[in-house]
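The residues making up each chain are set out below.
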Amino acid sequence: MKNDNPLSPHIQIYNWHISSLVSISHRITGIINFASLTLICFWVSYLVLGKDNYELIFIFLNSFIGKFLILAIVWSFSFQILSEIRHLFWDYGIGFELKTANITGSLVIVGSFILTLLIYILGKNFLI
Amino acid sequence: MITATKKWIFLKLSAVIMLPLMIWFVFQLVSIYNMGFEDINSFFVKQPNKFLFSLFVIITYFYSALSISEVFEDYIVNEKLKNVANKILYLFAIIMPIFTIFILYKLSL
């Protein structure tokens, strides 16, 4: 069957504003999360090879790049959490007004960085 | 009910289940990622961590696959290419959780 659904217009046609920035970032972080989850699954799977083989992963995760990667993953998950909460409110018909959408969009962007810091500080100091 | 509606309902249901699991997991991730082999191994074999992580992997792959297929729907013009991309995506989203959970249970033995 021929699909006549219109495709999304090219993003460069639009003037950038908060809602479009959050929308495209939601999609990009969705793809990043898919890749991150795959990395996490491989990380867990690597444990089956035993302690000696884990040494390389241990060194990498304790390096600057390793820590940066974890922070980036946490930010991507944080963005997705806040953005999805915004979407769930929209599904109930809440927050569609332009002003509200701009405020919640800004909250998602700024909040994702704050949430990342909060998760990192709390996770590092208060868990396990 | 049309397929797109079913897809939307599954996407929303999985999002509601995924959000608390994702919050739980990111907290755990930052607290364990730089630990040694024994600590990380014991984290993943211990309950409820093993159950929650398994559920997190299943739900997040399911949710992500549905989200990414929406991106394919919006940006891939060629129907054949879109179908192939979707099939590869769904296959990967099924195999990876099964593989990871199998490994998790192997770690516990």
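Residues numbered from 1 in each chain as written. Chains lettered and ligands numbered in written order. Predicted model: local features only at pLDDT ≥ 70, side-chain atom pairs only at ≥ 80, totals over all residues.

*Asks:* Give a detailed account of the overall build of chain B, specifying residues and quantitative values.
*Replies:* Secondary structure summary: chain B contains four helices and zero strands in total. Along chain B, from the amino end to the carboxyl end, the secondary structure elements read α-α-α-α. Against the 2.2 N^0.38 benchmark of 13 Å for 109 residues, chain B shows a C-alpha radius of gyration of 17 Å, more extended than a compact globule. Counting only C-alpha atoms and orienting by the principal axes, one finds that chain B spans roughly 50 × 25 × 25 Å. (Helix = DSSP H or I, 4+ residues; strand = E, 2+ residues; numbered from the N terminus. Rg over C-alpha atoms; globule rule 2.2 N^0.38 Å.)

*Asks:* Outline helix α1 (residues 18-46) of chain A, listing residues and values.
*Replies:* An ideal rise of 1.5 Å per residue puts 42 Å on 29 residues; α1 of chain A measures up with 40 Å between its terminal C-alpha atoms. Contacts from the buried residues of α1 of chain A go to α3 (64-91) and α4 (98-126) of chain A together with α2 (37-45), α3 (49-75) and α4 (79-108) of chain B. (Expected span 1.5 Å × (residues − 1). Contact = placed C-beta atoms within 7 Å.)

*Asks:* Quick rundown of the interface of chain B and chain A? Include the residues and the values.
*Replies:* At the junction of the two partners, chain B supplies 36 residues and chain A supplies 35 residues. Where the side of chain B that touches chain A is concerned, the elements lending two or more residues are α1 (3-32), α2, α3 and α4 of chain B. Of the residues contributing to the side of chain B that touches chain A, the split by class is 23 nonpolar, nine polar and four charged. (Nonpolar A, V, L, I, M, F, W, Y, C, P; charged D, E, K, R; others polar.)

*Asks:* How would you summarise the packing of α2 of chain B against α3 of chain B if you had to cite specific residues and measurements?
*Replies:* Relative orientation and spacing of two packed helices are given, respectively, by the angle between their axes and the distance between those axes. All names here are of chain B. Between α2 and α3, the least distance of the axes is 6 Å, while the angle of their chain directions is 80 degrees. In terms of their interaxial angle, α2 and α3 are classed as roughly perpendicular. For the pair α2 and α3, the contacting residues are F43, F44 and V45 in the first and N49, K50 and F53 in the second. Within the contact of α2 with α3, the residues separate by chemical class into four nonpolar, one polar and one charged. (Axes fitted to C-alpha atoms, helices over the stretch in contact; angles between N-to-C directions. Parallel < 35°, antiparallel > 145°, perpendicular 65-115°, else oblique.)

*Asks:* Could you give an account of unusual backbone geometry, with specific residues and numbers?
*Replies:* The amide bond that connects Q47 of chain B to the next residue, P48 of chain B, takes the cis arrangement and shows omega of 5 degrees. Mapped onto the secondary structure, P48 of chain B falls in the loop between α2 and α3.

*Asks:* Pulling in residues and values, what's your account of the confidence of the model for chain B?
*Replies:* For chain B, per-residue confidence averages 92 on the pLDDT scale, and 100% of positions sit at 70 or higher. For this predicted complex, the interface confidence comes out at an ipTM of 0.91, alongside a pTM of 0.88. (pLDDT = per-residue confidence, 0-100.)

*Asks:* Describe the nonpolar core, with residues and values.
*Replies:* V74 of chain A together with V26, Y61 and F62 of chain B are the most contacted members of the largest nonpolar core, which totals 43 residues. Only α1, α3 and α4 of chain A together with α1, α2, α3 and α4 of chain B provide two or more residues apiece to this core. Ignoring any residue separated from it by four or fewer positions in sequence, one finds V74 of chain A in contact with T116, I119 and Y120 of chain A together with V26, L29 and V30 of chain B. (Core = buried A, V, L, I, M, F, W, Y, C linked by C-beta atoms within 7 Å. Buried ≥ 20, exposed ≤ 12 C-beta atoms within 10 Å, placed from the backbone.)

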